[in-house]
Amino acid sequence: MLPSLKDGHVLEAVWRGMMGVVQLLKSQFVCHLIICYVFLASGLLINLLQVCTLPLWPINKQLARRINCRLGYSIASQMVAVLEWWSGTECTLHTDPESFQLYGKESAIVVLNHNFEIDFLCGWTFCERFGVLGSSKVLAKKELAYVPLIGWMWYFQEIVFCKRKWEEDRRTVAQSLQNLRDYPEKFWFLLHCEGTRFTPEKHRASMQVAQSKGLPSLKHHLLPRTRGFWVTVQNLRGTVAAVYDSTLNFRNNENPTLLGLLNGKKYHADLYVRRIPLELVPEDEAECSAWLHKLYQEKDQFQELYAQTGRFPGPTLSLPRRAWSLLNWLVWAGLLLYPLGLVLAQLVQSGSTCNILASLCLCSMASAGVRWMIGQTEINRGSSYGVKERNTLNT
């Protein structure tokens, strides 16, 4: 006799079986190709639309900015959709309720730690949950302006680019930041003050610099680079209302990767955010530098608390996903997969082995290209953190 449908064990087994099939599909290379194809094709089309806004800038600058906010969101939210909807990664926010009410309603500088491969994407997800992903800003190296899709998107979103040469950057970065003072949208300026992702080697070099300067050692962070933070704060005073000190970690000591997200692996992030009114940040450069060092000493204590207890201080809030990132991806997928299907059908009907193999090679190259472009946005690319610092002892 067949088991009764009322039997909870049977339903649970069926559900697990279905989830197993879904998880198997997520790990298939063809699914990764589809995601990369939609991202690449839609991104290039969006870049083209952004170029078309160039004549609008001298006529109506604020309208051009608003349009580019939405176009930029259409690219960035696809990566957020992979994290939120494809992998199903959860994010628990640790913050006080009073600050929570202000998130998304004011412009702010967001200070993030840089310990994980996907922490930049978690920063974008934080922006997405509060509706400021399209207007979010970062401090990025100048070479990224020439990288298709994300780099070109950032150019039209007025991302602040730097050459990592202080004498040149001091003027150009300040001017770029000043240009944001009349920005028509609320925006968050995301900063990885450590300048590069945490590794044991970089940590040892960084702590040598800290010791030479008489600064306390950090266990979970690198020594922050204070000049970029000070320039950002000084030029955005009166425009941004606060600094959001944000510390990220993942449960079960997991170290998530982009490939893991593509394979549908689910992670659980904990993000501790505390709001610090900007008027509490000193204006003097030396005092601001000391303030940021103290901030990172406190961030280190939060990470140590998490390592010992598995949680950050403060109340927890499970911020729901917004459907916009998923809907955006579904729209682009619907527009782009249909013509792709027609082309593939013609290839199969032609029966040409050479054409089919060439198409597979092209798809693989496109997938590798997308991963390369995403990889180029990582701050630690080409970084020599610790080498110059040990010689010059400059922050």
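Given the structure is predicted, the values throughout are model-derived calculations rather than measurements. (Residues numbered from 1 in each chain as written. Predicted model: local features only at pLDDT ≥ 70, side-chain atom pairs only at ≥ 80, totals over all residues. Heavy atoms only, no water.)

Engineer: How would you sum up the overall build of the protein chain? Please name residues and give values.
Structural biologist: Secondary structure assignment for the protein chain yields 14 helices and eight strands. Within the protein chain, buried positions represent 49% of all 395 residues. About 19,300 Å² of surface is accessible on the protein chain, with carbon and sulfur atoms providing 62% of the total. (Helix = DSSP H or I, 4+ residues; strand = E, 2+ residues; numbered from the N terminus. Buried < 20%, exposed > 50% of the residue type's maximum accessible area, 1.4 Å probe, protein only. Areas by Shrake-Rupley, 256 points an atom, 1.4 Å probe, with all protein chains shown as cover.)

Engineer: Can you tell me about the packing of helix 9 (residues 226–236) against helix 11 (residues 285–309), naming the residues and giving the values?
Structural biologist: A pair of packed helices is captured by two measures, namely the crossing angle of their axes and the spacing between those axes. Where helix 9 contacts helix 11, the two axes come as close as 9 Å, and the packing angle between them is 115°. Of the two elements, helix 9 crosses helix 11, and the hand of that crossing is right-handed. Residues T226, R227, F229 and W230 of helix 9 form the contact with helix 11, whose participating residues are E285, C288, S289, W291, L292 and H293. When the residues that make up the contact of helix 9 with helix 11 are grouped by side-chain class, the tally is five nonpolar, three polar and two charged. (Axes fitted to C-alpha atoms, helices over the stretch in contact; angles between N-to-C directions. Left-handed = near helix turned anticlockwise from the far one by under 90°. Contact = heavy atoms within 4.5 Å. Nonpolar A, V, L, I, M, F, W, Y, C, P; charged D, E, K, R; others polar.)

Engineer: Break down the nonpolar core for me, with residues and values.
Structural biologist: Among the nonpolar cores identified, the biggest contains 57 residues, and L121, W124, W154 and W188 are the most heavily contacted of them. Examining the composition of this core, we find that eight residues originate from one element, helix 3 (residues 61–86), more than from any other. Residues V111, V173, L295 and Y296 belong to the second largest nonpolar core, which totals 35 residues. (Core = buried A, V, L, I, M, F, W, Y, C linked by side-chain atoms within 4.5 Å.)

Engineer: Break down the pairing of strand 2 (residues 108–112) for me, with residues and values.
Structural biologist: When you tally the buried positions in strand 2, you get five out of five residues, the bulk of the element. By the alternation rule, side chains of strand 2 split into A108, V110 and L112 and I109 and V111, which are all buried. With four bridges connecting them, strand 2 and strand 5 (residues 188–191) associate as parallel partners. Note on strand 5: the bridge partner recorded for A108 is W188. Relative to strand 6 (residues 242–250), strand 2 is paired through five bridges, and the arrangement is parallel. Looking at the pairing, V110 lines up with Y244 of strand 6. (Pairing = 2+ DSSP bridges.)

Engineer: Let's hear about the pattern of salt bridges: which residues, and what values?
Structural biologist: The tally for this structure, following the rule as stated, stands at 16 salt bridges. Here E90 makes a salt bridge to K266, at a shortest N to O gap of 3.7 Å. Of this pair, E90 sits in strand 1 (residues 90–94) while K266 sits in the loop between helix 10 (258–262) and strand 7 (268–277); the two residues are 176 residues apart in sequence, bridging distant segments of the chain. Assessed through its relative accessible area of 30%, E90 is described here as partly exposed. Classification of K266 as partly exposed rests on a relative accessible area of 49%. Close ionic contact of E298 with K294 constitutes a salt bridge, the shortest N to O distance being 2.6 Å. On the criterion of helical spacing, the pair formed by E298 and K294 is a turn pair, its members being four residues apart in helix 11. What emerges from the salt-bridge pattern is a single network uniting D245, R274, K294, E298 and K299. (Salt bridge = Lys/Arg side-chain N within 4 Å of Asp/Glu carboxyl O.)

Engineer: So, the side chain of N68: which residues are in play, and what are the values?
Structural biologist: Checked against the element boundaries, N68 lands in helix 3. Polar side-chain contacts of N68 include one of 3.3 Å to the side chain of Q50. Discounting chain neighbours no more than four positions away, the residues touching N68 are Q50, T53, W57, F156 and Q157. (Polar contact = N/O pair within 3.5 Å; in protein donor to acceptor, adjacent residues only side chain to side chain.)

Engineer: Requested: an account of the packing of aromatic side chains, with residues and values cited.
Structural biologist: Evaluation of the coordinates by the stated rule reveals 19 aromatic pairs. Ring centres of Y183 and F187 lie 5.9 Å apart, and the angle between their planes is 80°; on these two criteria the pair is classed as edge-to-face. The burial state of Y183 is the same as that of F187; both residues are buried. Taken together, a centroid distance of 4.7 Å and an interplanar angle of 35° make the contact between Y306 and F312 tilted. In this pair, the class of Y306 matches that of F312, namely buried. Three or more aromatic residues joined by ring pairs form one cluster here, namely F100, Y103, F126, F130, W188 and Y244. Taking NZ or CZ as reference, K26 lies 5.7 Å from the ring centre of W86, over its face. (Phe/Tyr/Trp six-rings, centres within 6.5 Å; stacked < 30°, edge-to-face > 60°. Lys NZ or Arg CZ within 6 Å of the ring centre and 35° of its normal.)

Engineer: Describe helix 7 (residues 166–178), with residues and values.
Structural biologist: In this model helix 7 runs 17 Å from its N-terminal to its C-terminal C-alpha over 13 residues, within 8% of the 18 Å that 1.5 Å per residue would give. Buried within helix 7 are the following residues: W166, D169, V173, A174 and L177. Projected down its long axis, helix 7 shows its buried positions confined to an angular sector of 120°, all on one face. Of the exposed residues in helix 7, the ones pointing more than 90 degrees away from its buried face are E167 and R171. Close packing links the buried residues of helix 7 with strand 3 (137–141), strand 4 (160–162), strand 5 and helix 9. (Expected span 1.5 Å × (residues − 1). Arc of directions from axis to C-beta.)

Engineer: Describe unusual backbone geometry, listing the residues and the values that go with them.
Structural biologist: Even without being a glycine, E158 presents a positive backbone phi close to 60°. Here E158 shows up in the loop between helix 6 (150–156) and strand 4. Classification of E158 by relative accessible area gives buried; the value is 16%. Notably, N253 is not glycine yet its phi reads approximately 55°, a positive angle.

Engineer: Tell me about the pairing of strand 7, and name the residues and values.
Structural biologist: Burial analysis of strand 7 places seven of its ten residues in the buried class, the great majority of the element. Pairing geometry for strand 1 and strand 7, over five bridges, is parallel. Bridge pairing in strand 7 places T92 opposite D270. As paired elements, strand 6 and strand 7 share nine bridges and run antiparallel to each other. Each residue of the ladder has a partner; that of V243, found in strand 7, is I276.

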